[in-house]
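# Summary of the model geometry
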Amino acid sequence: MALGTFSLREVKSRPVRVFFTFLSITIGVGFVVAVMLAISTTRRAQRDILKAISGNADLEIVADGAGFPYDIVTQVRQTAGVKTAVPSLSINRFAVIFAGEKKAQTQVLGIDPRIDQQVRDYEVVAGRLPTKLNEILLDSSFANSLEVQVDGTVKILARGGLREYMVVGFVRPSGSTAIALSSAAYLVLPAAQAAFDTRSNIDQIHLIVDEQADVQAIQQSLRELLPSGVTVREPRTSIDMAQETMYATENGLQLAMAFALLQAVFIIYNTFQMAVGERRKQLGILRAIGATRRQIAWMILREALVVSVIGAIAGSLLGVWGATFLNQVTEVVLQVSFPRIELTFLPFVVGISLGIGVSLLGAVLPARRASSVAPIEAIRSVESDHNSEVIRRTLIAGLAVFPLGIAVFLSSLSGRFPVGTDAVGIVLILLGCVLFIPLFLEATSSLLVRLFSQWIGIELKLAQKQLMRHVGRTTLTIGVLFIAISTSAGLAGNIMDNVANVRGWYSKAIRGDFFVRASMPDLATGASTEMPPSVGVDLQSLEGIASIDPMRFVSAQSGDDSVLLVVRDFGGDSDGYFDLVDGGDERAITGLQNGQAVIGTVLAQRNNLQPGDDLPLKTQEGTVNLKIAATANDYIGGGLTVYLDRSYAVKLLGVDGVDAYVIKAERAELAALEERLQNFCQERGLILQSYAELVRIIDMKINGVIASLWVLLVMGSIIAAVGLFNTLTMNILEQTREIGMLRVVAMTRGQVRRMIVAQAALLGLIGLIPGILAGIFVGYAISLSSFAVLGHEIEFHFRPWLVFGCLGSAGIVVMLASILPAERAARLKLAAALRYE
């Protein structure tokens, strides 16, 4: 029997249905591939940046604060098993470079040109390596953007002042090094030490050990050799601090992906349920004329397989574009440049497998049911016992899934499950709610009919009758609407709560009328260009300044954590310094003035610390235990921040220098002082920012993230609209003969339209109202789970305007999805409708 021909004819006869099935699979697979590729790329970028900084080294020697003496290099080279020891000033040294009228921020690397390429991968493409104190080597693409030629000159502004250098060559970083060294300048080590006024100190030594040597034994020998405050370890970098920010973004993407997949499961299952139900009579005839149960089942599964394979391929292509988009969002969050998307095998395997698996899962049960009944039973228009079976089975499943979801969510909050499993718990809770829908469907729809029958009347009753004919299909459609609005409202509310938290942070922690700095800081690591000491002296001479607060950002080590040390001159109250979470204003400032620390909540959460506890901090005198005065919400350094008063930072770590000056003006001199500062900064090549301008820059970055996440929510609405359109279309096909008879007995086209719209309205009301309530729960649940990432809960805000806005927008989507089906029903030709089987 040519069942393949029959199957192909059925598929061709319903191109719209096939298209929407294809679209559902494409969106689901595309989402999975996009998120997995984006996360893979960001993690690969982090590994590459680490490799670029540490190069091919097996071990690295570092010291926090002011570095360590160069003499240590000689001792390290004499250690048994050490093949090469390469000293350098870290790439985390930033400066401002001037080339004619052009100006840019650059990363400066102090190197020993004779041996540096043994640990770092780069190629000299023009000229040569620097050998003299006044020579500099530039990244080739960076030099091109500055329009600099070999034998030209540039100026570097760093802590040591403004110095001029001759460009002796261009370099092209290769492999992973290209990410971190794309805007770098290379000086010989003594020249870099002079530029940053480090005296004879260096930042790090990269070690390559003999192939047969025991790395752990060498590490132990070096620990005994090195002075206090100098650490030997496996290579790592301050980019680890950015992982906290990236982790929160990844967690949000994975949660959105889980919601999208849940919606896709419902829509695909619903579509195949409808497809099999519509062809029930034809399948019964095929069984009657000799088709076996296995042939019928395979025919349905084959259709699902073909559509899913095509949809999965299209979804994979969509996912590549989506991954590029998501990486652009992550670049905004982390303020770094990522490499192009690397098309690895795993995301496509997972995405295609899920797409095909979900499609086959959606077709297995309908195919099994269609192939298992007797031919005479299959020819009947409605399965009489199917509705009661749906109610019984979904109730049992709901009683299992709903409590499981609550248990998983609560266990994740308490720390018994890994961070991220809270999303699994939330998805299971929502799924459990959907499984309870059949139990209340008839009572709820009857109540709505009684409430609105005086306005719509018979059309509403007919609409309810049609929806109750197929409880399973109706439940799936309501489930799609329920999941769509609950996840959209929940994620939208959480996005706004996070934005409010960020704005609350910078409104308290970044206070001042003006900010003077040499370059813009990296909020992920705090890295910036250190300014010459003369800048602070000259600023003091300007009229109209009420106060000057110098700030310094330094990488430090606390236990196994790389932390960001924020050094300031703390005085007065905590206003303008912190967004405190635990510990009062007076306690924080008094503690800082007495050598205590205020730490970020992420660091506190990671190490289970609270005010009154001790924080171990590695210094040149050994490990010092700092008393914690308070904890604060902080987004600099991913929350791995330690605030210290300048006097104690100098004493403990030898930290000095300034990255930025926070200036408060005398109120009467505000406008005049701004003009003076503009002239002051222009003369010295510095950057002047007003508080309003800084807020505008931060808001622009935040708004970029918000816009991208709203796109993800719109995708959920599209999936819900597809599901509703499919259900209404299927209901019309099943009612074709019935609609024709109603038209014969004087039902107008307007009444037909109202009947179909009434079906959509019933589906919308039953799905959307409970869904918006679930959305409030989702937003609150996500805010609770933020504690495990940020060390404090994101404050949950109930926003009535958001609730009604989401409800109204979803209602509009529902009504729009009903327009074409309603018009199609109204324009059915009576003769054809009466002959329809």
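Position labels on residues start from 1 in each chain and follow its written sequence. Totals for whole chains, interfaces and linings use every residue, but because this is a predicted model, local features are given only for residues with pLDDT of at least 70 and side-chain atom pairs only at 80 or more, for both listing and counting. The basis for the side-chain values is all heavy atoms of the structure; hydrogens and waters are excluded.

Put simply, DSSP marks the helices as runs of H or I at least four residues long and the strands as runs of E at least two long, and each gets a number from the N terminus on. When its secondary structure is counted, the protein shows 28 helices and 22 strands. Note on exposure labels: buried denotes an accessible area under 20% of the residue type's maximum, exposed denotes more than 50%, and partly exposed covers the range between, all computed with a 1.4 Å probe on protein chains only. In the protein, buried positions account for 56% of the 837 residues. The criterion used for residue contact is that any of the two residues' heavy atoms lie within 4.5 Å. Within the protein, residue pairs in contact and separated by at least 24 positions form 81% of the contacts whose partners lie at least 6 positions apart. Accessible area for the protein stands at about 34700 Å²; split by element, carbon and sulfur atoms hold 59% of it. Only the protein chains shown count as cover for residues, with accessible areas throughout obtained via the Shrake-Rupley method and a probe of 1.4 Å.

To continue, consider the packing of helix α14 (residues 421-435) against helix α25 (residues 749-785). Relative orientation of the contacting elements α14 and α25 amounts to 165°, with a least axis distance of 11 Å. Classified by the angle their axes make, α14 and α25 are roughly antiparallel. Seen along the crossing, α14 lies across α25 with a hand that is right-handed. Taken together, the residues of α25 that come into contact with α14 (itself represented by D422, I426, I429 and L430) are A774, F777, V778, A781, I782 and S785. Classifying every residue of the contact of α14 with α25 gives eight nonpolar, one polar and one charged. Convention adopted: a line fitted to C-alpha atoms gives each axis, helices being fitted over their contacting stretch, and angles between N-to-C directions are expressed from 0 to 180 degrees. Any angle that falls under 35 degrees is termed roughly parallel, while one over 145 is termed roughly antiparallel, one within 65 to 115 roughly perpendicular, and all others oblique. Each crossing gets its handedness from the near helix: less than a right angle anticlockwise from the far helix is left-handed, clockwise is right-handed. By the convention adopted, Pro, Cys, Tyr, Trp, Phe, Met, Ile, Leu, Val and Ala count as nonpolar, Lys, Arg, Asp and Glu as charged, and the other residues, Gly among them, as polar.

Another aspect to go through is the pattern of salt bridges. Between side chains of opposite charge, a pair can form as their charged atoms come close. By convention in these notes, a salt bridge is any Lys or Arg side-chain nitrogen within 4 Å of a carboxyl oxygen on Asp or Glu. Considering all chains together, one arrives at 12 salt bridges under this definition. Across the salt bridge formed by R799 and D497, the nearest N and O atoms sit 2.7 Å from each other. Of this pair, R799 sits in the loop between α26 (787-790) and α27 (800-826) while D497 sits in helix α17 (residues 471-509), and the two are 302 residues apart along the sequence. Neither residue differs from the other here; R799 and D497 are each classed as buried.

Attention now goes to the side chain of T106. By the element assignment, T106 lies in strand β4 (residues 102-111). In contact with T106, other than residues within four places in its own chain, are R93, F94, A95, I97, F142, I156, S183, A184 and A185.

Aromatic pairs are defined between Phe, Tyr and Trp rings, using the six-membered ring for Trp, whenever the two ring centres lie within 6.5 Å; interplanar angles under 30 degrees are classed as stacked, those over 60 as edge-to-face, and all others as tilted. Applying the stated criterion to the full structure yields six aromatic pairs. Consider the rings of F409 and F777, whose centres lie 6.4 Å apart with planes at 65°: the pair is edge-to-face. Placement of the pair is F409 in helix α13 (residues 386-414) and F777 in helix α25, with a sequence separation of 368 residues. We classify F409 as buried; its relative accessible area is 6%. Between Y780 and F796, the ring centres sit 5.5 Å apart and the planes meet at 80°, which makes this aromatic pair edge-to-face. Residue Y780 is located in helix α25, and its partner F796 is located in the loop between α26 and α27; the two are separated by 16 residues in the primary sequence. A connected cluster of aromatic rings, assembled from ring pairs, spans F570, F578 and Y643.

Counting residues in each nonpolar core, the largest one holds 43 residues, and the members touching the most others are I61, V76, I136, L138, I205 and L207. When residues in this core are grouped by element, the largest group, six residues, is from strand β3 (residues 82-99). Discounting chain neighbours no more than four positions away, the residues touching V76 are I61, V82, A85, I205, L207, L222, L225 and L226. Of all hydrophobic cores here, the second largest spans 40 residues; its members include F409, L441, I766 and I782. Joining through side-chain atoms within 4.5 Å is the link that ties buried Ala, Val, Leu, Ile, Met, Phe, Trp, Tyr and Cys residues into a set, and such a set is a nonpolar core.

Confidence in the prediction for the protein averages 77 pLDDT; 76% of positions are at 70 or higher. Scored below 50 in pLDDT, residues 237-245 makes 29 contacts in the model with residues more than four places away or belonging to other chains. In predicted models, pLDDT denotes the confidence assigned by the predictor to each residue on a 0 to 100 scale. Below pLDDT 50 for its whole length, residues 381-385 participates in four contacts with residues either more than four positions away or in separate chains.

A few words on the pairing of strand β20 (residues 641-645). Taking burial as the measure, the five residues of β20 include five buried ones, the bulk of the element. Of the two faces of β20, the one carrying T641, Y643 and D645 and the one carrying V642 and L644 are both buried.

For a helix, the expected span equals 1.5 Å multiplied by the residue count minus one. The terminal C-alpha atoms of α14, which comprises 15 residues, lie 21 Å apart, in line with the 21 Å expected from a rise of 1.5 Å per residue. Burial within α14 is extensive, with 12 of its 15 residues counted as buried. Taken residue by residue, α14 has T421, D422, A423, G425, I426, V427, L428, I429, L430, G432, V434 and L435 as its buried positions.

Our focus in this paragraph is the packing of helix α18 (residues 533-540) against helix α22 (residues 670-684). Where α18 contacts α22, the two axes come as close as 12 Å, and the packing angle between them is 155°. Taken together, α18 and α22 sit at an angle that is classed as roughly antiparallel. Where α18 crosses over α22, the two elements pack in a sense that is right-handed. When α18 is examined against α22, the residues V535, D538 and L539 are found in contact with a partner set consisting of L677, F680 and R684. When the residues that make up the contact of α18 with α22 are grouped by side-chain class, the tally is four nonpolar, no polar and two charged.

On to α25, then. For α25, built from 37 residues, the straight-helix expectation of 54 Å at 1.5 Å per residue is met to within 8% by its first-to-last C-alpha distance of 52 Å. Values of bend correspond, residue by residue, to the angle between axes fitted over the seven residues ending at that residue and the seven starting there. Where α25 bends most, at I772, the angle is about 25°.

We now examine the side chain of T79. Along the chain, T79 falls in the loop between α3 (72-77) and β3. Here a polar contact means two N or O atoms within 3.5 Å. Within protein one must be a hydrogen donor candidate and the other an acceptor candidate, and residues neighboring in sequence count only if both atoms are side-chain atoms. In this structure the side chain of T79 is engaged in a polar contact, spanning 3.3 Å, whose partner is the backbone oxygen of Q75. Those residues in contact with T79 that lie beyond four places of it in its chain are S221, L222 and L225.

Burial analysis of strand β6 (residues 135-139) places five of its five residues in the buried class, which makes it a mostly covered element. The sheet contact formed by β6 and strand β9 (residues 184-188) spans two bridges and is antiparallel. Each residue of the ladder has a partner; that of L138, found in β9, is A185. When DSSP finds two or more bridges between a pair of strands, those strands are recorded as paired.

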